[in-house]
Amino acid sequence: MKRNLFLSILAGVSLSAMAMPSPAEIPDVITPDSTGFQFTDIISLPTGPVKNQNKSGTCWCFAGTSLLEEDVLRKGGPELDLSEMYWVRQNYIDKARKYMRMNGTINFAQGGSIADVLETAQEYGAVPEEVYSGLNYGDEKHSHYEMFDALQGYLNGILAGKRNLSDAWLRGFTAVLNEYLGTPPEEFTYKGKKYTPQSFAKEFKITPADFVTLTSYTHHPFNTWIQLEIPDNWRWTESYNVPLDKLKKAVDDALAAGYTVGWGADVSEPGWLWKKGYALIPEEKGPEDLTENEAAKWDQLSDKERKDLSYKISGPVKEKTITQEDRQKHFDNFESTDDHGMVIVGVAEDQEGNRYYKVKNSWDTNQLYGGFIYVSEPYFLDKTINVTLHRDVAGKLIGKK
């Protein structure tokens, strides 16, 4: 997924002791002083610490990495801290090859999809963060502005020459990557044992081939594999297209059985209130919903000002009912775009019994819920681009297709 730089899917096979938390592991009711919401976690699945993508458009990799880490936990393995930048680097090389073959006519950007992590991990294996941090440029946090400009300028400069490509262009591109992110290890030592990236992935049962992606749009037939038309699907990865109610059921079934879920979504919405820790889609207000003073000014308000009134929220509100047709319209007119990748790790309720998904983000922990956000069901239904989950869960929905 793309993520604007200024802001800065997937879990398991069989139910195990690690899958469902005990009541003692589920947090008490959270009562913030300022938002008017009280969330109670109903399901809160095991996950590692929230990370920080900082000034890099790599949410897709942080989400995919988190999902693979959680899958190891689900299977009874240790809590791993895997290197996101190992997979980012490999994806840049794969992306550059395709960009050049397509003569610069496909998307070359920092963004991507969770599927990029899965395909790259399947081919190249995995390494721990302590072995490959990707911070080879003097910063303590990720910042890819300069590196990306250098990589993009390099490729476009070669394409501008309108000549046959030499054998050197990819070596030069890789050299730039290595200067910024570092040269990845062919062999390394972790906790006293030597590994290659492939043997490390095998040892810790990192199995990216176990995951599939689902989506739900009517411009393709349901119950078929499709290539979703979003800019960051540069690999042309296929998703299985299902009706909206089945998409939601797959996610709910996964969470209930102890599997976390990768979530690609649009977060550039007025109802995405990150600092306040929740996301929702309220019904639009009319004069009858306002105070006497506000209603008196209704006719003088612009359309934007009227819409903004709906987002003056002091607690749970009535939300829009989202249909399959709403989803399609918002996707087709670019209201729902390919923004961001995260992980759904649980289910919660507010004080009025409304249901939310608990979502793990990669924008650090300096936020109300330490890097987690509660996303209402209407928001999820409208703004989900796709979800990634384990094929054992998806298989119950789509069979052996």
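Residues numbered from 1 in each chain as written. Predicted model: local features only at pLDDT ≥ 70, side-chain atom pairs only at ≥ 80, totals over all residues. Heavy atoms only, no water.

## Details of the overall build of the protein
On a plain count of helices and strands, the protein comes out with 12 helices and 13 strands. About 17,900 Å² of surface is accessible on the protein, with carbon and sulfur atoms providing 49% of the total. (Helix = DSSP H or I, 4+ residues; strand = E, 2+ residues; numbered from the N terminus. Areas by Shrake-Rupley, 256 points an atom, 1.4 Å probe, with all protein chains shown as cover.)

## Observations regarding the environment of Arg 74
Tracing the chain through its elements places Arg 74 in helix H1 (residues 59–74). Exposure remark for Arg 74: the relative accessible area of 4% places this residue in the buried category. (Buried < 20%, exposed > 50% of the residue type's maximum accessible area, 1.4 Å probe, protein only.)

## Some remarks on empty space enclosed by the protein
Taken as a whole, the second largest cavity spans an internal volume of roughly 90 Å³. Considering the residues around the second largest cavity, the lining is formed by 14 residues, among which Phe 62, Ser 66, Lys 360, Asn 361 and Ser 362 are closest to the centre. When contributions to the lining of the second largest cavity are tallied by element, the ones reaching two or more residues are H1 and strand E10 (340–349). If you tally residues by element for the lining of the second largest cavity, the top one is H1, at five residues. Split into classes, the residues belonging to the lining of the second largest cavity amount to six nonpolar, four polar and four charged. (1 Å grid on protein atoms, 1.4 Å probe; cavity = no way out; pocket = protein on both sides within 12 Å on 5 of 7 lines; lining within 4 Å. Points joined across faces, edges and corners; volume = space filled by probe spheres on them. Nonpolar A, V, L, I, M, F, W, Y, C, P; charged D, E, K, R; others polar.)

## A short note on the nonpolar core
Membership of the largest hydrophobic core comes to 60 residues, with the highest contact counts inside it found for Trp 87, Tyr 92, Phe 108, Phe 173, Phe 200 and Ile 206. Filtering out sequence-adjacent residues up to four positions away, Phe 200 remains in contact with Leu 80, Leu 82, Ala 126, Val 127, Pro 128, Phe 188, Tyr 190, Tyr 195 and Ile 206. Ala 265, Trp 272, Trp 274 and Phe 380 belong to the second largest nonpolar core, which has 38 residues in total. (Core = buried A, V, L, I, M, F, W, Y, C linked by side-chain atoms within 4.5 Å. Contact = heavy atoms within 4.5 Å.)

## Digging into the pairing of strand E13 (residues 384–390)
Looking down a regular strand, the side chains alternate between one sheet face and the other. Counting buried residues in E13 gives seven out of seven residues, a clear majority hidden from the surface. Here four bridges tie strand E4 (residues 211–215) to E13, and the two strands are oriented antiparallel to one another. Bridged to Leu 214 within E13 is Val 387. Note that strand E7 (residues 261–265) and E13 share four bridges and pair antiparallel. (Pairing = 2+ DSSP bridges.)

## Focus on the pattern of salt bridges
With the rule as written, the count across this model stands at 20 salt bridges. Taking the shortest distance from any N to any O, the salt bridge between Arg 97 and Asp 94 comes out at 3.5 Å. Residue Arg 97 and its partner Asp 94 are both found in helix H2 (residues 84–101); the two are separated by three residues, about one turn of the helix. Asp 252 is the partner of Lys 248 in a salt bridge, and the nearest nitrogen-oxygen pair spans 2.7 Å. With Lys 248 and Asp 252 both in helix H7 (residues 244–256) and four residues apart, the pair spans about one turn of that helix. Classification of Asp 252 by relative accessible area gives buried; the value is 16%. (Salt bridge = Lys/Arg side-chain N within 4 Å of Asp/Glu carboxyl O.)

## Section: the side chain of Asp 350
Relative to the elements of secondary structure, Asp 350 occurs in the loop between E10 and strand E11 (355–360). Of the side chains bearing the opposite charge, Arg 355 lies closest to the buried Asp 350, which forms no salt bridge; the N-O distance is 11 Å. At a separation of 2.8 Å, a polar atom in the side chain of Asp 350 contacts the main-chain amide nitrogen of Glu 352. A polar contact of 2.8 Å, which involves the side chain of Asp 350, links it to the side chain of Tyr 356. Among all residues touching Asp 350, those that are not within four sequence positions of it are Phe 37, Gln 38, Phe 39, Pro 316 and Tyr 356. (Lys, Arg positive; Asp, Glu negative; His and termini not counted. Polar contact = N/O pair within 3.5 Å; in protein donor to acceptor, adjacent residues only side chain to side chain.)

## Considerations on the layout of surface pockets
Taken as a whole, the largest pocket holds about 320 Å³ of empty space. What lines the largest pocket is a set of 20 residues, among which Lys 307, Lys 320, His 330, Glu 335 and Asp 382 lie closest to the centre. The set of elements that each furnish at least two residues to the lining of the largest pocket consists of helix H10 (324–332) and helix H11 (377–383). When its residues are assigned to classes, the lining of the largest pocket shows seven nonpolar, four polar and nine charged.

## Topic: the packing of H1 against helix H3 (residues 114–124)
In contact at an axis separation of 7 Å, H1 and H3 are set at 60° when each is read in the N-to-C sense. Judged by the inter-axis angle, H1 sits oblique to H3. Here the hand of the crossing between H1 and H3 comes out right-handed. Contact with H1, carried on its side by Trp 60, Cys 61, Ala 63, Gly 64, Thr 65, Leu 67 and Leu 68, involves Ile 114, Asp 116, Val 117, Leu 118 and Ala 121 of H3 and no other residues of that element. For the contact of H1 with H3, the per-class residue count stands at nine nonpolar, two polar and one charged. (Axes fitted to C-alpha atoms, helices over the stretch in contact; angles between N-to-C directions. Parallel < 35°, antiparallel > 145°, perpendicular 65-115°, else oblique. Left-handed = near helix turned anticlockwise from the far one by under 90°.)

## Notes on H1
When the terminal C-alpha atoms of H1 are compared, their 22 Å separation across 16 residues agrees well with the 22 Å that a helix rising 1.5 Å per residue should span. Counting buried positions along H1 yields 16 of 16 residues, so the element is predominantly enclosed. Looking one or two residues past H1, Gly 76 carries a phi angle of roughly 90°, positive in sign. (Expected span 1.5 Å × (residues − 1).)

## Side note on the confidence of the model for the protein
In low-pLDDT segments, the atomic positions of the prediction should not be examined closely. With 86% of its residues at a pLDDT of 70 or more, the protein has an overall mean of 89. Taken as a whole, residues 2–31 scores under 50 in pLDDT and shows 101 contacts with residues more than four places along the chain or in a different chain. (pLDDT = per-residue confidence, 0-100.)

## Considerations on the packing of H2 against H3
Closest axis-to-axis distance for the H2/H3 pair is 10 Å, and the angle between their directions is 95°. Looking at the two axes, H2 sits roughly perpendicular to H3. Counting all contacts with H2, which are made through Tyr 86, Trp 87, Gln 90, Asn 91, Asp 94 and Arg 97, the residues of H3 involved are Asp 116, Val 117, Thr 120, Ala 121 and Tyr 124. Looking at the contact of H2 with H3, its residues break down into five nonpolar, three polar and three charged.

## Section: the packing of aromatic side chains
Aromatic rings in a pair are described by how distant their centres are and how their planes are angled relative to each other. Across all of its chains, the model carries 27 aromatic pairs by this definition. Judged by centre distance (5.1 Å) and plane angle (80°), the rings of Trp 274 and Trp 363 are edge-to-face. Of this pair, Trp 274 sits in the loop between strand E8 (272–273) and strand E9 (278–279) while Trp 363 is found in the loop between E11 and strand E12 (372–376), placing the two residues 89 residues apart along the sequence. Trp 363 matches Trp 274 in its accessibility class, with the two residues each being buried. Through pairs of rings, three or more aromatic residues link up here, namely Phe 37, Phe 39, Tyr 278, Tyr 356, Tyr 369 and Tyr 374. The side chain of Lys 95 reaches across the aromatic face of Tyr 92, ending 5.6 Å from its centre. (Phe/Tyr/Trp six-rings, centres within 6.5 Å; stacked < 30°, edge-to-face > 60°. Lys NZ or Arg CZ within 6 Å of the ring centre and 35° of its normal.)

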